[in-house]
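As a plain string of letters, each chain reads:
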Amino acid sequence: MPLETIEQILARAEAAVPGAQLTIVKNDSPCAQHSLAVDVEHAYAVAQFLRDDPQLRLDYCSNVTGVDYLDAELSEKVKVKKLVDGVEKEVEEVKKTQRAGYLEAVYHLYSMALKHGPVILRQRTPGRADPVRVTSLTPLWRSAEFQEREVFDLYGVLFDGHPDLRRILMWDGFKDYPMRKDYVEPDDYEYEPTPHDEVLARAKAHQAAREVGA
Amino acid sequence: MDAPANRTVQSVGQGREGELLEVAMGPQHPSTHGVFRMDVVLDGETVVKLKPVFGYLHRNHEKIAENTSYLGSMPYTDRLDYFCSLSNNWAYALSVEKLAGLQVPERAEYIRLITAELTRVLNHTCLVGFLLQDMGALGTPLMYAFREREKILDLIESLTGARMMCNYMRFGGCRCDLPAGWLDEAKKVVAEYPRFLDEFDKLLSGNEILMARTQGVGKLSAELAISAGITGPMLRASGVDYDLRKVDNYGIYSRYPFRVPLGDHGDVYDRYMIRMLEMRESLKLLEPALNDIPDGPVVDPKAKLRGFRPKPGEAYGRIESPKGELGFHLISDGSPNPYRYRVRPPSLINLTILEDMCLGQTIADAVITLGSVDIVLGEVDR
Amino acid sequence: MLGTGILKGMAVTAKNFVGSYHDSEHPLTTSEYPEQRIAPKENARQFPFLVHDTEDAMKGLRCVACQICEKECPPQCIYIVKSKDKRADYKGQMQLYPVTFDIDLSVCMSCQICVEVCPFEAIKMDTEFELSNTDRFGGLLVNKHQLAKPNEHYRKIHPTEAAVSDASLAVEVAKAQAKAKADVEAKAKAAAEAKAKAEAAAAAGPIGTAPTAPAPKPTAPAAASAAPPAA
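Residues numbered from 1 in each chain as written. Chains lettered and ligands numbered in written order. Predicted model: local features only at pLDDT ≥ 70, side-chain atom pairs only at ≥ 80, totals over all residues. Heavy atoms only, no water.

1. Some remarks on the packing of aromatic side chains
All names here are of chain B. Put simply, the rule is: Ring pairs shown here join Phe, Tyr and Trp side chains whose ring centres sit within 6.5 Å, with only the six-membered ring taken for Trp; geometry is labelled stacked below 30 degrees between planes, edge-to-face above 60, and tilted in between. Here the term buried applies to any residue with accessible area under 20% of the maximum for its type, exposed to any over 50%, and partly exposed to those in between, with areas from a 1.4 Å probe on protein chains only. We count a stretch as a helix when DSSP gives it H or I for four or more residues in a row; a strand needs E for two or more, and each element gets its number in order from the N terminus.
Enumeration over the complete set of coordinates arrives at 27 aromatic pairs over all chains. Considering the side-chain rings of Tyr-82 and Phe-83, the 5.7 Å spacing of their centres and the 45 degrees angle between planes classify their relative orientation as tilted. With relative accessibility at 15%, the residue Phe-83 sits in the buried group. On the basis of an interplanar angle of 80 degrees and a centroid distance of 5.8 Å, the ring pair of Phe-130 and Phe-146 is categorised as edge-to-face. Taken together, the residues Phe-130 in helix H4 (residues 106–134) and Phe-146 in helix H5 (residues 140–160) connect sequence positions 16 residues apart. The class of Phe-130 is partly exposed, set by a relative accessible area of 23%. A relative accessible area of 25% means that Phe-146 is categorised as partly exposed. Three or more aromatic residues joined by ring pairs form one cluster here, namely Tyr-70, Tyr-92, Phe-171, Phe-308, Phe-328 and Tyr-341.

Here is the structure:
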């Protein structure tokens with residue numbers, strides 16, 4: 001059974017969940033898997049609609065992942081009408097906009113009953129500073145349990161309503177979030193003396209520090 | 001010994017004598033298939049709580065991939081599920097092809113199907129061996145399984161140059177063509193393989209001890225399996241007909257008929273039998289594919305090896321790997337490295353319901369339940 | 001009857017046990033390494049080596065220190081330092097060469113990407129697998145002297161691949177030679193034409209048109225410069 005278009009899903013979800021702010025995130029790649037961005041407050045209700053709606057029945061949440069977007073300057077080519085030498089012409093201009101960074105939790109939903117998909121759901125946080133909160137969808141799909149824990153572990157996104165939000169891959173005492181784009185790896189482990197100059201210099205520094213320490 | 005993990009905890013009420021024992025099984029335990037730990041709370045021999053602990057093999061595969069080129073991640077995918085490197089290669093190549101819109105030549109599609117199905121046979125062969133090892137059938141079944149696995153590994157080595165770390169598929173095709181005489185060798189192995197399966201069935205499938213140990217153990221209902229995102233043979237053992245080879249029709253699977261075996265109890269025995277049956281179906285797929293393979297190029301001439309930069313966008317590609325749905329979610333920002341590279345690891349997600357399956361069972365049953373999930377820690381921890 | 005399944009299974013193991021001594025269909029699958037050795041597969045890959053063409057390994061290295069493999073190597077185990085001067089490669093073209101070419105054996109993961117991306121057929125995979133060493137640091141850092149192996153070695157271990165590689169190199173050499181020859185001929189022709197024109201101009205000179213006269217001058221240095229590559 002073919003899946004509805006993303007516009008149809010959006011229209012029906014908006015009708016079913018009053019107040020939900022849904023936007024379509026276009027995907028320019030040839031596979032054209034567009035996604036729905038949903039506000040954090042209504043994410044649970046929208047997800048429940050997607051799961052229980054008889055036409056969609058997205059009973060299977062395949063993949064949950066986080067994405068980190070840093071603050072960035074986006075440049076976009078915009079066609080602007082302008083007076084050039086007294087004649088109105090369409091001119092391409094590069095428009096620059098500042099984008100505040102944000103974190104994102106992405107859900108790939110499929111239907112095992114109707115064998116279609118994917119519908120991609122995205123929850124975006126307002127900013128990157130702690131605490132960043134989104135709504136946990138684990139009560140709807142158990143498969144999100146470990147994956148949301150992983151997003152929390154590696155990106156520091158807090159999932160409200162998650163039954164057991166602990167670190168999963170890193171150890172409990174670990175402080176930082178290693179998958180964030182601005183993560184700086186600590187200079188606290190030993191390097192093997194490989195031939196690369198930079199690495200060799202660091203290895204030597206560590207060795208010297210250890211000898212002093214001993 | 002003052003190992004903190006092995007301490008006893010205070011007995012809980014419920015009006016009965018005795019105390020609960022908290023045991024850390026793993027990370028160094030032969031039954032955990034690697035560096036996996038289960039924190040188990042036992043009442044006598046019965047499991048009352050089980051928490052899986054991961055991360056001992058964590059190397060942040062995704063971060064490494066985000067700092068290397070698209071091609072540079074290919075050999076790292078071998079190391080996810082190191083029994084099935086060719087399936088991993090395919091899943092990654094498929095996702096990048098979706099992202100960049102590359103076409104795969106006909107011959108390469110055949111090679112992909114052949115190698116992926118060989119890998120499935122190889123993985124299931126190992127799994128039944130390991131599962132029986134977990135049950136206490138020490139040595140014999142595993143050695144028989146490894147003897148057969150060696151034949152497929154020989155094929156894979158003569159094709160890709162490595163037994164396990166194949167690094168064979170490329171975006172838009174495969175790295176190299178089949179060596180001379182390879183197809184005849186493969187046909188021979190495929191023709192002889194059912195004999196091993198018959199022998200293995202005779203050796204074990206009717207074995208009363210095996211049945212007593214596995215039937216009714218580690219049950220998983222279809223509803224819970226779907227909700228928990230269980231995929232692969234685990235899901236089909238619970239009776240859910242969901243095989244990506246049929247659902248997504250990727251590659252050239254739609255050209256050949258094959259059946260998807262389904263279980264109806266969702267217990268360890270069903271999971272064992274599903275694997276035995278899937279191997280037979282894979283061999284049925286392999287026979288015509290090995291005969292029909294056409295001549296031609298093995299890689300899309302438009303696909304660039306160096307300086308590969310897909311246009312900005314994202315793609316989620318998935319295949320039916322022997323362990324379940326292996327997916328790659330890639331986001332490109334137009335640079336030579338992926339902006340986001342995510343692996344959807346079937347082994348990890350299939351462990352979500354490990355506690356549900358083990359509660360109320362004895363610790364020995366927990367071991368075989370874990371064995372029937374079929375995990376590889378390279379993929380669980382990434 | 002309870003227990004039949006077990007007995008059947010026992011029969012299988014008994015058959016296998018006896019069969020491993022007598023039955024040709026159940027041969028022993030192991031071999032006694034290191035006394036018995038199984039020849040490596042033709043496609044097998046273990047660790048890269050650098051191909052050289054001439055007797056003197058260091059002079060005949062095909063590597064031109066382009067550093068593509070260093071950049072593409074996924075675990076970053078290759079380390080190259082370019083030379084300051086140039087020398088003639090197998091085509092007679094002037095190229096850089098590696099002053100240092102080290103591969104860290106402890107980091108290399110035998111993925112063969114360096115071989116695939118090399119445009120000069122300079123680095124190939126060896127099938128040697130007994131690479132253990134007692135020196136953890138120095139012994140596992142392999143330098144260009146240890147890496148260099150003759151093309152004959154490549155032909156021996158990967159005959160099919162080597163034939164393709166040799167053929168493509170031969171085409172390159174032929175192309176280079178043809179180009180050099182064509183260049184020489186073209187320049188000679190241009191010089192001859194210029195000379196003829198100059199003579200014609202000189203002959204026509206007394207009658208009038210001066211502008212054609214300076215024409216031969218620029219072609220003369222070109223003809224002169226065409227000479228060295230031919231030599």
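2. Some words on the sheet that holds strand E2 (residues 78–82) of chain C
The strands that make up a sheet are held in pairs by hydrogen bonds between backbone atoms, and each pair lies either parallel or antiparallel. Residue and element names in this part refer to chain C. For clarity, the cut-off: Strands are treated as partners if at least two bridges between them are detected by DSSP.
Here we have three strands laid out as an open sheet, ordered E2-E5-E7, and antiparallel in their pairing. With partners counted over all chains shown, the strands left at the sheet margins are E2 and strand E7 (141–142), one partner each. Here E2 pairs with strand E5 (residues 98–104) via five bridges, running antiparallel. Paired with Val-81 across the two strands is Thr-100, which belongs to E5.

3. Overview of the interface of chain B and chain C
Going by this rule: Here a residue-residue contact requires only that any non-hydrogen atoms of the pair lie within 4.5 Å. We define buried area as the total accessible area lost by two parts upon association, computed with a 1.4 Å probe and summed across both. Salt bridge criterion: a side-chain nitrogen from Lys or Arg within 4 Å of a carboxyl oxygen from Asp or Glu. Definition of a polar contact: a pair of N or O atoms within 3.5 Å, with one able to donate and the other able to accept a hydrogen when the atoms are protein atoms, and with sequence-neighbouring residues admitted only if both atoms are side-chain atoms.
Chain B puts 33 residues into the contact, and the matching count from chain C is 29 residues. By the criterion of area lost to chain C, the three top residues of chain B are Arg195(B), Glu208(B) and Arg306(B), representing 22% of everything that side buries. Inspection of the chain B/chain C interface yields two salt bridges. The residue Glu116(C) makes a salt bridge to Arg170(B) at a minimum N-O spacing of 2.7 Å. Counting every contact that joins chain B to chain C gives 16 residue pairs in polar contact (both at pLDDT 80 or more). It is H5(B) that contributes the most residues to the side of chain B that touches chain C, eight residues altogether.

4. Digging into the interface of chain B and chain A
Note the threshold: Under the convention adopted here, Pro, Cys and the residues Ala, Val, Leu, Ile, Met, Phe, Trp and Tyr are nonpolar, Asp, Glu, Lys and Arg are charged, and Gly plus all remaining residues are polar.
Facing 47 residues of chain B, the contacting portion of chain A comprises 43 residues. With both chains or domains summed, chain B and chain A bury close to 3600 Å², and 53% of this area falls on carbon and sulfur atoms. It is Glu314(B), Tyr316(B) and Tyr339(B) that lose the most area in chain B upon contact with chain A, and together they represent 17% of the buried surface on that side. Our count for the contact surface shared by chain B and chain A stands at five salt bridges. A salt bridge links Glu66(B) to Lys181(A), with the shortest nitrogen-to-oxygen separation between them at 3.2 Å. If you look at where chain B meets chain A, you find 27 residue pairs in polar contact (both at pLDDT 80 or more). Tallied by class, the residues present in the side of chain B that touches chain A amount to 22 nonpolar, 10 polar and 15 charged.

5. Quick look at the environment of Glu148(B)
The residue Glu148(B) is located in helix H5 in this model. In this structure the C-alpha to C-alpha distance between Glu148(B) and Val189(B), which are 41 residues apart in sequence, comes to 9.2 Å.

6. Here we look at empty space enclosed by the protein
Residues and elements named next belong to chain C. Counted only if it meets this: Here a cavity denotes grid points, spaced 1 Å and computed from the protein atoms alone, that fit a 1.4 Å probe unable to get out, and a pocket denotes an open set having protein on both sides within 12 Å along at least 5 of 7 lines; residues with an atom within 4 Å of a point are the lining. Grid points are joined across faces, edges and corners, and a volume is the space filled by probe spheres set on the points.
Under the criterion given, the structure shown has six cavities of 30 Å³ or more. Computed from the structure, the largest cavity encloses a volume of approximately 100 Å³. If you trace the largest cavity, you find 15 residues lining it, with Cys-73, Cys-77, Cys-108, Cys-111 and Cys-114 closest to the centre. Looking at the lining of the largest cavity residue by residue, the classes come out as 13 nonpolar, two polar and no charged. Taken as a whole, the second largest cavity spans an internal volume of roughly 80 Å³.

7. Notes on the pairing of E5(C)
Residues and elements named next belong to chain C. Taken across its seven residues, E5 has five buried, putting it largely inside the fold. Here E5 pairs with E7 via two bridges, running antiparallel. Across the sheet, the residue bridging to Ile-103 is Val-142, located in E7.

8. As for the side chain of Glu117(B)
By the secondary structure assignment, Glu117(B) is in helix H4. Every residue in contact with Glu117(B), bar those within four places of it in the chain, is listed here: Arg245(B), Tyr253(B), Ser282(B), Leu285(B) and Leu286(B).

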